Each structure stands twice: as structure tokens, then as C-alpha cells.
Amino acid sequence: MNKIALEEHFITPALEPHMRAAMPAVPPENAQHLIELMHDFGERRLAAMDSAGIDIAVLSISGPGVQAEADARLAVKLARDANDHLAAAIQKQPTRYRGFAHLPMQDVPEAAAELERCVTELGFVGCMVNGHTGGIYLDDRRYDPFWERMEALDTPLYLHPTDSVVMPHVLQDCPELVKPTWEWNFETSSHFLRLLFSGVFDRYPKLKIIVGHMGETMPYHLWRFDSRAALIDRKRPLKEAPSFYLRRNMFVTTSGQCDNVPLLAALSALGNDRVLFSVDYPYEDSAVAGRFLDAAPIDDAIRAKVSRLNAIEVMNIEQ
Ligand code: MN
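Residues numbered from 1 in each chain as written. Predicted model: local features only at pLDDT ≥ 70, side-chain atom pairs only at ≥ 80, totals over all residues. Heavy atoms only, no water.

Caption draft 1: Local environment of the coordination of the manganese ion. For the manganese ion, the full set of protein donor atoms is Glu7 (OE), His9 (NE2), His160 (NE2) and Asp280 (OD), and the range of their distances to it is 2.0 to 2.4 Å. Mapping the donors of the manganese ion onto the primary sequence yields the spacing E-x1-H-x150-H-x119-D. On the criterion of sequence distance, the pair formed by histidine 160 in the loop between strand E6 (157-159) and helix H7 (183-197) and aspartate 280 in the loop between strand E9 (275-276) and helix H12 (286-295) is long-range, its members being 120 residues apart. Grouping residues by exposure puts histidine 160 and aspartate 280 together as buried. (Donors = N, O, S within 2.8 Å, 3.2 Å for Na, K, Ca; no water. Helix = DSSP H or I, 4+ residues; strand = E, 2+ residues; numbered from the N terminus. Buried < 20%, exposed > 50% of the residue type's maximum accessible area, 1.4 Å probe, protein only.)

This is the structure in C-alpha cells:
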């Protein structure tokens, strides 16, 4: 079945050092191979897409990108350059590629302006943000103007994992659990839940936040969020139960999760309109991800939604 995938990464020469510094502990020759794949917008990327039945890939910088840049003015420039680099690649393959904006979240007005430029001038279909920026999470009130702009543009934000600000004590001396194995999952789900419990979705009810890795375990936890949160005397009361926002403002992708159990849990918890196919190229195998969804025990109407129809709806993709 033809698919649209939306956690598919590339890198630019200028942002390669930011990515190498944050790269998981993989052997140098593997890292070099991944980086070469991320520089390529031609044969190798298209062949991987074809192996999974992906006709459109939404491309994004492999994090943390400019969010790890200490010089905020340089971050603004590098983000703009990265988006122009991507726009040029899309122009060469306009039927196969779309783009997510890379944003200098250190500077909120600049981030909002660059998002608008990318959507209205470059034709991008949303943005990807790699977790916190220098320890500041997106529930901070400084981001309110950014959320206003996102709502006005009716475009989604893909909340991608990044490293914890400080390694949690429980993970120290346990290298098996850091980064994608477990740390990023907790870091990213917690980030989304900060938005929820701080009332961002009451203030900006139309926000569309996409979370990868089948929802970073959140679809499994809805009942417990509701039952435990109801017992807390909160200074920041919400209009609705937590599960309401998880079903209204969150979309999840299958990136890096080729397993029927979390797929069925996500569909069951969030609904058939809320789950979207992705690979997490080049960190995951495109053919494996494609075969997983093609063979998943769901009916073909739901498979079509997960494969592409939900992506078209969420990102307003014109074909
Ligand atoms: Mn990724």
C-alpha cells in the first residue's frame, strides 16, 4: 500500500557537528554510514522509500540541530540555511519529498517567523522540534506567540526526542537504558505531558502535536493519567480530563516501532485517525517498517488511514 512517512531524516554539512556530538554510542563506521545516507536525496534514499512503498517522505534535520547551538543568532542563520537546503532538495523531487521546518527555538519571534516563511513560501507541511532547547520546554509561557502562529497556520509540530538536560539518577551507570532504548521515551512523553498539564491545549485548542515511536508509551497510560490526576489538587486546573487532550491534540507515528502490540494499543486508545506511518530513516530499516504495516492485523480501511490518509489530513498535503 502506498505510504507517506514523516520521521525521515537528513543532515546538512553545517549541522553535521551538532548531530555527531549527540549521536548514540554507535561504532564510527556505522555512524559514518548513517551520515552518508542522511546527506543523500537521490538514489539510495529513493530506493529505501520504494522498498517500503513510501511515495512521499516528509524530511527533517536529524536532531538536535540548531537547538544545541549556544549562539542564538547563529542558530537563526543555520536554521534558515538548513530549510533552504531542504527546499532545494524538494524542488528536485517534488513528487517524492515534503519538508518539516527546522527552527531556532532559542529565539521565539525568529522561530515563529521562520515557521511562517517555511510554510507560506517554501511549501513545508509543519515543523519538527527536538525536545527542550537549553533546558527550556515548550510549556514555558515565552512560547505562547509561537503557539499562536502554529494555530493560525494550522500546521503540526513533530515533537522529536532529545537527550535529558541532566541524566536521571535511575539511568546513571546503566548505559543500556540511555538515549533511544528508554531515556528518550520518558523525556519526550514527559515533555508532551508538560504541555498538557500546563494548559497549553486549553489556551490553543487547535494545536496538532505529532509524537513518534507509537506515542512514547502514552497511549498505554490514558486511564491512569485520568484517575491519578483527578486526585491532585492542582493550581492549574484543566477544562477536561487528560485523556481528552491526548485524543484531541496528539497524533502518533509508527517510527521505530514495528510491533503489532503497541500499534493496536495506539489505535484502540486514540482512534483510527490518530496513528500515522513513519520509519525513522536511516536509523531504522524502511523495508522492515513497510512490511510490518502491510501485514499488521487491521482491516484495509484502517491500514489506508495509517499508511497515508491520516497524514494527508494532518498536514494538509496536496497531491
Ligand atoms: Mn528520529
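Picking up where we left off.
Caption draft 2: Region of the structure containing the sheet that holds E9. Sheet architecture is open: six strands sit in the order E4-E5-E6-E7-E8-E9, paired in parallel fashion. Each edge of the sheet is formed by a strand with only one pairing partner; in this case those strands are strand E4 (101-102) and E9. As judged from the two bridges shared by E4 and strand E5 (residues 127-129), these two strands associate in the parallel manner. Bridge pairing in E5 links histidine 102 to methionine 128. Packing against the sheet, helix H6 (residues 144-153) makes contact with E5, E6 and strand E7 (209-211), and its axis sits at approximately 125° to E6. (Pairing = 2+ DSSP bridges. Contact = heavy atoms within 4.5 Å. Axes fitted to C-alpha atoms, helices over the stretch in contact; angles between N-to-C directions.)

Caption draft 3: View of the environment of valine 261. With respect to the helices, strands and loops of the structure, valine 261 is situated in helix H11 (residues 260-270). When the C-alpha positions of valine 261 and threonine 188 are compared, they lie 20 Å apart, and in sequence the two are 73 residues distant.

Caption draft 4: Looking closely at the pattern of salt bridges. Tallied over the full model, the rule gives 17 salt bridges. With a closest N to O distance of 3.0 Å, aspartate 84 and arginine 117 form a salt bridge. Note that aspartate 84 is positioned in helix H4 (residues 72-92) and arginine 117 in helix H5 (residues 108-120), a separation of 33 residues in sequence. On the accessibility criterion, aspartate 84 (33% relative accessible area) is partly exposed. For arginine 117, a relative accessible area of 10% corresponds to the buried category. Each of Arg80, Asp84, Glu114 and Arg117 takes part in one network of salt bridges that share partners. (Salt bridge = Lys/Arg side-chain N within 4 Å of Asp/Glu carboxyl O.)

Caption draft 5: Quick peek at the pairing of strand E8 (residues 250-253). Residues of E8 alternate between two faces, with Met250 and Val252 on one and Phe251 and Thr253 on the opposite face, all of them buried. Where E8 meets E9, two bridges bridge the pair, whose relative direction is parallel. Within E9, the position partnered with threonine 253 by the bridge is leucine 276.

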